[in-house]
Amino acid sequence: MTSELDIFVGNTTLIDEDVYRLWLDGYSVTDAVALRVRSGILEQTGATAAVLQSDTMDHYRTFHMLERLLHAPPKLLHQLIFQIPPSRQALLIERYYAFDEAFVWEVLGKKLSKGTKKDLDDISTKTGITLKSCRRQFDNFKRVFKVVEEMRGSLVDNIQQHFLLSDRLARDYAAIVFFANNRFETGKKKLQYLSFGDFAFCAELMIQNGTLGAVDSQMDDMDMDLDKEFLQDMKELKVLAADKDLLDLHKSLVCTALLGKLGVFSEMEANFKNLSRGLVNVAAKLTHNKDVRDLFVDLVEKFVEPCRSDHWPLSDVRFFLNQYSASVHSLDGFRHQALWDRYMGTLRGCLLRLYHD
Amino acid sequence: MPGKLKVKIVAGRHLPVMDRASDLTDAFVEVKFGNTTFKTDVYLKSLNPQWNSEWFKFEVDDEDLQDEPLQITVLDHDTYSANDAIGKVYIDIDPLLYSEAATVISGWFPIYDTIHGIRGEINVVVKVDLFNDLNRFRQSSCGVKFFCTTSIPKCYRAVIIHGFVEELVVNEDPEYQWIDRIRTPRASNEARQRLISLMSGELQRKIGLKVLEMRGNAVVGYLQCFDLEGESGLVVRAIGTACTLDKLSSPAAFLPACNSPSKEMKEIPFNEDPNPNTHSSGPSTPLKNQTYSFSPSKSYSRQSSSSDTDLSLTPKTGMGSGSAGKEGGPFKALLRQQTQSALEQREFPFFTLTAFPPGFLVHVGGVVSARSVKLLDRIHNPDEPETRDAWWAEIRQEIKSHAKALGCHAVVGYSESTSICEEVCILSASGTAAVLNPRFLQDGTVEGCLEQRLEENLSTRCGFCHIPYDELNMPFPAHLTYCYNCRKQKVPDVLFTTIDLPTDATVIGKGCLIQARLCRLKKKAQAEANATAISNLLPFMEYEVHTQLMNKLKLKGMNALFGLRIQITVGENMLMGLASATGVYLAALPTPGGIQIAGKTPNDGSYEQHISHMQKKINDTIAKNKELYEINPPEISEEIIGSPIPEPRQRSRLLRSQSESSDEVTELDLSHGKKDAFVLEIDDTDAMEDVHSLLTDVPPPSGFYSCNTEIMPGINNWTSEIQMFTSVRVIRLSSLNLTNQALNKNFNDLCENLLKSLYFKLRSMIPCCLCHVNFTVSLPEDELIQVTVTAVAITFDKNQALQTTKTSVEKSLQRASTDNEELLQFPLELCSDSLPSHPFPPVKEHLESASSNSGIPAAQRDRCSSWIELIKLKAQTIRRGSIKTTVTVEKASPVGDGNFRNRSAPPCANSTVGVVKMTPLSFIPGAKITKYLGIINMFFIRETTSLREEGGVSGFLHAFIAEVFAMVRAHVAALGGNAVVSYIMKQCVFMENPNKNQAQCLINVSGDAVVFVRESDLEVVSSQQPTTNCQSSCTEGEVTT
């Protein structure tokens, strides 16, 4: 006796969250059944392995049919074939677009192209995430990227509108899209200590301040690309590092203000010129695409690492950065106050987030 | 030109890409009705076209309106080659043809293609303007309402239940026409879909005509089936019960009828006079406030004759003029006499209803069934479907005579079915022989309800169990005892019926699904020989199915079966029997005896030991089941308590017979000769198998109950979460060493595993009950068995369920008293602070007005207009009082609790798809049906030539069934409804050819589209409007009853 056909169709589509997770994680039916058996479900419900097998197959089939709709979530809401309560629809979408930290690490800042897709095999081996799951996550990134690539308006809003994601997840996707578009280097060994959250945080700040959309929200809202004009203008900041007088003045202003307030005052004093030069040079170099890509490497190399080796506490870093950016206003010979504020506003936030072990 | 059909094509969405080059589609729409076709403009390059067409107007006969479906085809325009069809939508416009149903069909319909499935949606608006037709000899029957529901629909009242209507139409099956060899599968499928749609329309119209002839206005329990006879043609047949229904203007009017009898009602002197005006009951009885339409003449001439059995309609004489005494004895005789005269003028006194208005069912005799094996021949002339008619007439005649033998004049819960394999066809009919109250069957019976109270008091809750046949002249040997409830009348020891459990029946404990499953191998044979072989096997199958049912019933410690449905399926090399029923313990019937096992070889030590071991196991199972289903009947200190030892000569009440093609009728005696029926003799391995199979049925996991009736006896605290589902399984038998035992085991495992899977899948709904579990078996190929199950899972409140340890008698008594208390609450409040000389009638009469639940009864208002001021003053009090009532009722029933759980209620802000509930039941728990929009009767074919790519057979069928659900929901939503009740999947024919990577499936579904309102919503309204206030509290009262 073999089962030729075995199906269950409910008027309200049954969604088993546990099975959905297994499916998303890319397990085969056999593996999923084995995992479910191990979870002790048989003992809890008194079911047999055959029942579990049939149940799992059913759910997998349903998910397979739903997948086409999940690629364009608004379709899931308007379709008539599956009657799913709104709360469940939201769950389906949210989970489908959720991603693994380990995976996103591997593709963050990479071009979402076919070439990268071939690397998915390696990523799968490296992270232990099934190839199927890697594919889904990669395809999700790529799909979102393609849809919002040419769109105007707020990146997060666009993603939310077209993929019906939660605010949190939409922000994450905005970061992923932003990173992929600007191809920021994140894979260097130096950056290994950072989490996706750190990058996402920085991306958000940069989208807010560093893109075209940030300056003029009225027209040509392009959240994806950094503001070329802004990057060009930042060359002007070079003077802060190149002009010795200005640099000395800046240093003395900062030191005066922070005297007695900083635990690592002497280290700061000793390193001020290096740090300042580093930060200013990062800004000045951003006209080249190559340097844009290395932004995070540079920040860690030029600022985070020196501070960390001197064991600056985070509070001191904050005091320093506040004072460092504020003191520029007192430099009479410096004319690019607004530019500086825009740059440092973003940078201060990023550095504070990046500054940890 | 009595009708104008208007159609507007608004827009499309999610269309498939038809032009690979542009990834877009140039779509336009063809709208066809009859022979007229209109086209919209081509909407270029869009997957979401906005046609916004003009109104396309069709001027048509109402006959065509009933027969023809509206056919909408979406196409892709192609300049250089033929336009490609995207898909079609068939819309049955019948619901627009009667005034009380839908007025407009408007909404998104899935565009369906028989090869590709659903391909996008189209927004359509359909309206019908009907002109009055004065032609008396018309062929249309617009205005007759159809209901699939097998009880009187919730917002109607039965004025008269006329009786059986049936019709069948035949045609050639397009699939087997010569042209099919040259046309595409799509064209062939569409021809078939269209033909069946046309035939259904025609059938419905013809049935409607018969109803009009009988002066009815509705068909209840309408069941339409297709027989795909292959080469020999296509038969569409339908049966139903003609009724005259009255729409209840407000739910107020039907409350007293279903309320527990109030004191005043009992005081009404019995009066047979059909004239309602002469009634002496209190003026505030709400039934009196209604107007009834009586037909002036009782005789009429037939206006048209159709092809088949006519109802012999002789003028009624002497009906409704008799008067019965108050005593039970002579009354009963008279009743019988009347029923007889009322029913005998009908050729077939059959009723497809399974639940009845209170007082309708007097006695139940037992199940009657008849089967006949026929050889199919080509239907030569579709206009003369005489052979098929004659076959059915013959079977019905048999059923009628069986019922007569049981002392009954009517058959209720009647249904018909067929099983076809190649050229052999088994026709089956079954029902429950019963004695009915004649008042519902004739004109002027409207008052029956009230008067019935008197009679019901004589035999409350157990009357239907009393034997209708003569004790001294029993149709079969039976074991009778005095009724355990009233102690006056005789009852049988076991009762089998095809109907739902009457609402007033006293049940102890809970019920459960009982199934008998059986396979018999049969030699492959041709034509006549085959039919003979099947005919010879049938009696044995019936006998065994029946024995299995009886044994399983005993094993459950129960004594009655409801909703019994025995299905015999014929295949190439085997016969399958599947009987499903809901077992209950009726308080009026004696305690069932146990099951005794006896060995054939005495004095064999080990064997004896084995036997006693088995015996112990069986006894344990019975004890366990009694505990599980909470069967603890009250101790009766009389000697008639059923002993656990088998009683001699226990009898079955199943009377049936076979007739084969030769029309030879053989009666089968189901009595087990002289031996004790419930001594199981283990004389060979077969018997051992039987005993084992008895014990292998696993009870559902805790928190689950199942039944195949409308509701589960013993559970009445439903919450609002429901889940309707269809599950299909096909197994392939290994062709090697097929024996009856192996077959039985396979089949048994298949059904048991299927149930287990259902329990597992629905575990999140615990505590819940699977209701209306409907198994269908088919044998699509030599070694394939297909089982299709449709059922609904309903959650209930566990805390309440635990209280059911009390017998329901106590409970209903309790309820009756609380009812009274609740009702008393506000009238007393009213009286207490009114003037000393207040003009109110005594409290008792006031009680009536309260129960009439229009806070201020109309009659009173007229009589005592001076009170109005006072009443207005008290309105506030009344409101408060009623709310109090609502709250009390709500505590008793966890309806409110369910509302919180209901996830579907708040529609998602950005979702445009409304939730449509589907249920095989006639009601929706926790909600009130406010409108019936018409029947849904849909037939779909789906075919694929890329089976593997669509996920194999499972993927293919899964998607198809989901699509069918979607199309049903879309049609209901377009009618303005939010649920389908009495939903049934009548056919699911699945054929596959994996070698060719092909599969085909035909599905036929039906149900009633309705609008329902959540009781919680009603309450919200009620707190604002005092007039509707009572409505909601009554509805709840009704649901909990």
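All figures in this text were calculated on a predicted structure; none of them were measured in a lab.

In this section: the overall build of chain A. Each helix and strand counted, chain A has 22 helices and 1 strand in total. Taken over the C-alpha atoms alone, chain A extends approximately 90 × 45 × 35 Å along its principal axes. Considering only contacts within chain A whose residues lie at least 6 apart along the sequence, 70% involve residues at least 24 apart. Accessible surface computed for chain A: about 15,700 Å², of which carbon and sulfur atoms make up 51%. Measuring between centres, the 45 positive side-chain charges of chain A sit 4 Å from its 51 negative side-chain charges.

With that out of the way, let us pick up empty space enclosed by the protein. Residue and element names in this part refer to chain B. Inspection of the entire model under this criterion finds 19 cavities of 30 Å³ or more. A volume near 470 Å³ is recorded for the largest cavity. For the largest cavity, the lining is made up of 31 residues, of which Y90, D92, S197, N937 and M938 are closest to its centre. Broken down by secondary-structure element, the contributors of at least two residues to the lining of the largest cavity are helix 1 (62-67), strand 6 (84-91), strand 7 (105-113), helix 2 (185-213), strand 31 (927-944) and helix 18 (952-974). When the residues that make up the lining of the largest cavity are grouped by side-chain class, the tally is 18 nonpolar, 8 polar and 5 charged.

Quick look at the interface of chain B and chain A now. Contacts between the two partners involve 54 residues from chain B and, on the opposite side, 40 residues from chain A. When the buried area of chain B at its contact with chain A is split by residue, F760, K761 and H958 of chain B rank highest and sum to 19% of it. The interface formed by chain B and chain A includes 5 salt bridges. Note that K761 of chain B and D58 of chain A form a salt bridge whose closest N and O atoms lie 3.4 Å from each other. Among the secondary structure elements, those contributing two or more residues to the side of chain B that touches chain A are strand 7, strand 8 (117-130), strand 27 (718-732), helix 11 (740-761), strand 30 (917-918), helix 18 and strand 32 (979-993) of chain B. The element best represented in the side of chain B that touches chain A is helix 18 of chain B, accounting for 13 residues. Of the residues belonging to the side of chain B that touches chain A, the class tally is 27 nonpolar, 14 polar and 13 charged.

All names here are of chain A. The topology assignment puts L314 in helix 21 (residues 314-327). Here L314 falls in the partly exposed class, since its relative accessible area comes to 35%. As for L314 and K146, which are separated by 168 residues in sequence, their C-alpha atoms are 39 Å apart. What L314 contacts, discounting residues up to four positions off in sequence, is L352 and Y355.

Let us look at the pattern of salt bridges. Should the charged atoms of two oppositely charged side chains come close, the side chains can pair. By the definition in use, this model includes 47 salt bridges over all chains. Across the pair D246 of chain B and R157 of chain B runs a salt bridge whose closest N-O atoms are separated by 3.1 Å. Placement of D246 of chain B in strand 12 (residues 234-247) and of R157 of chain B in strand 10 (residues 156-171) is noted, with a sequence separation of 89 residues between them. As far as the burial class goes, D246 of chain B and R157 of chain B line up, both buried. Each of the salt bridges in this network shares a partner with another, and the network as a whole consists of D16, R36, D55, D58 and R61 of chain A together with K761 and R763 of chain B.

Okay, the domain arrangement of chain A next. Split into domains, chain A comes out as domain 1 (17-82), domain 2 (101-210) and domain 3 (228-354). Taking only C-alpha atoms into account, the centre of domain 1 of chain A sits 52 Å from that of domain 3 of chain A.

Glycine aside, negative phi is the norm for most residues, and most peptide bonds take the trans geometry. All names here are of chain B. Looking along the chain, the bond that leaves I766 and enters P767 is cis, with omega of 0°. Note on placement: P767 falls in the loop between helix 11 and strand 28 (768-781). Within the chain, E630 stands out as a residue other than glycine whose phi angle is a positive 55°. Of note, E630 is situated in the loop between helix 9 (605-628) and strand 23 (655-659).

A few words on the environment of L228 of chain B. All names here are of chain B. In this structure, L228 sits in strand 11 (residues 218-228). Separated by 137 residues in the primary sequence, L228 and G365 have C-alpha atoms spaced 34 Å apart. Those residues in contact with L228 that sit more than four places away from it in its chain are D173, R192, G233, L234, I420, V989 and L1002.

This brings us to the state of the cysteines. Residue and element names in this part refer to chain B. Under the counting rule described, the total for this entry stands at 0 disulfides over all chains. There is no disulfide at C519, and the cysteine sulfur nearest it, in C751, is 8.5 Å away. On the basis of relative accessibility, which here comes to 0%, the residue C519 falls in the buried class.

Proteins that are soluble and globular tend to have nonpolar side chains buried together. Judged by nonpolar contacts, the single largest core of 212 residues is most densely connected at F320 of chain A together with L70 and I122 of chain B. Ignoring anything within four residues of it in the chain, the contact list for L70 of chain B reads L5, V7, V31, K32, F33, F58, V89, Y90, I91, I93 and V126 of chain B. The next biggest cluster of nonpolar side chains, apart from the first, holds 46 residues, and it includes L436, A560, I929 and Y932 of chain B.

Here we come to the sheet that holds strand 18 (residues 495-496) of chain B. Residues and elements named next belong to chain B. The strand order 18-20-21-19 describes an open sheet built from 4 strands, whose pairing is mixed. Both outer strands of the open sheet, strand 18 and strand 19 (507-521), are each paired with one neighbouring strand and no more. Packing against the sheet, helix 8 (residues 527-555) makes contact with strand 18, strand 19, strand 20 (560-570) and strand 21 (574-586), and its axis sits at approximately 150° to strand 19. Packed on one face of the sheet, helix 11 meets strand 19 and strand 21 and runs near 140° to strand 19.

So, about the sheet that holds strand 11 of chain B. Strands belonging to one sheet form pairs held by backbone hydrogen bonds; the direction of such a pair is parallel or antiparallel. Residue and element names in this part refer to chain B. Taken in spatial order, the 4 strands line up as 9-11-12-10 in an open sheet, and their pairing is mixed. Of all the strands in the sheet, the pair left with one neighbour each is strand 9 (145-146) and strand 10. Bridge count for strand 9 against strand 11 is 2 bridges, and the pairing is parallel. Looking at strand 11, one finds that F146 is bridged to V219. Where helix 2 meets the sheet, it contacts strand 9, strand 10, strand 11 and strand 12, and its direction lies at approximately 135° from that of strand 10. Against the sheet, helix 6 (residues 386-405) engages strand 10 and strand 12, with an angle of about 135° to strand 10.

Turning next to the packing of helix 1 (residues 17-24) of chain A against helix 4 (residues 49-70) of chain A. All names here are of chain A. At a minimum axis separation of 10 Å, helix 1 and helix 4 run at an interaxial angle of 65°. Viewed along their axes, helix 1 and helix 4 adopt a mutual orientation that is roughly perpendicular. Both helix 1 and helix 4 take part in a crossing whose hand is right-handed. Between helix 1 and helix 4, the residues in contact are V19, Y20, L22 and W23 and T56, H59, Y60, F63, H64, E67 and L70, respectively. Tallied by class, the residues present in the contact of helix 1 with helix 4 amount to 7 nonpolar, 3 polar and 1 charged.

Criteria and cut-off values
Residues numbered from 1 in each chain as written. Chains lettered and ligands numbered in written order. Predicted model: local features only at pLDDT ≥ 70, side-chain atom pairs only at ≥ 80, totals over all residues. Heavy atoms only, no water. Helix = DSSP H or I, 4+ residues; strand = E, 2+ residues; numbered from the N terminus. Contact = heavy atoms within 4.5 Å. Areas by Shrake-Rupley, 256 points an atom, 1.4 Å probe, with all protein chains shown as cover. Lys, Arg positive; Asp, Glu negative; His and termini not counted. Charge placed at Lys NZ, Arg CZ, Asp CG, Glu CD. 1 Å grid on protein atoms, 1.4 Å probe; cavity = no way out; pocket = protein on both sides within 12 Å on 5 of 7 lines; lining within 4 Å. Points joined across faces, edges and corners; volume = space filled by probe spheres on them. Nonpolar A, V, L, I, M, F, W, Y, C, P; charged D, E, K, R; others polar. Buried area = accessible area lost by both parts, 1.4 Å probe. Salt bridge = Lys/Arg side-chain N within 4 Å of Asp/Glu carboxyl O. Buried < 20%, exposed > 50% of the residue type's maximum accessible area, 1.4 Å probe, protein only. Domains from an automatic or database assignment. Disulfide = S-S within 2.5 Å. Core = buried A, V, L, I, M, F, W, Y, C linked by side-chain atoms within 4.5 Å. Pairing = 2+ DSSP bridges. Axes fitted to C-alpha atoms, helices over the stretch in contact; angles between N-to-C directions. Parallel < 35°, antiparallel > 145°, perpendicular 65-115°, else oblique. Left-handed = near helix turned anticlockwise from the far one by under 90°.

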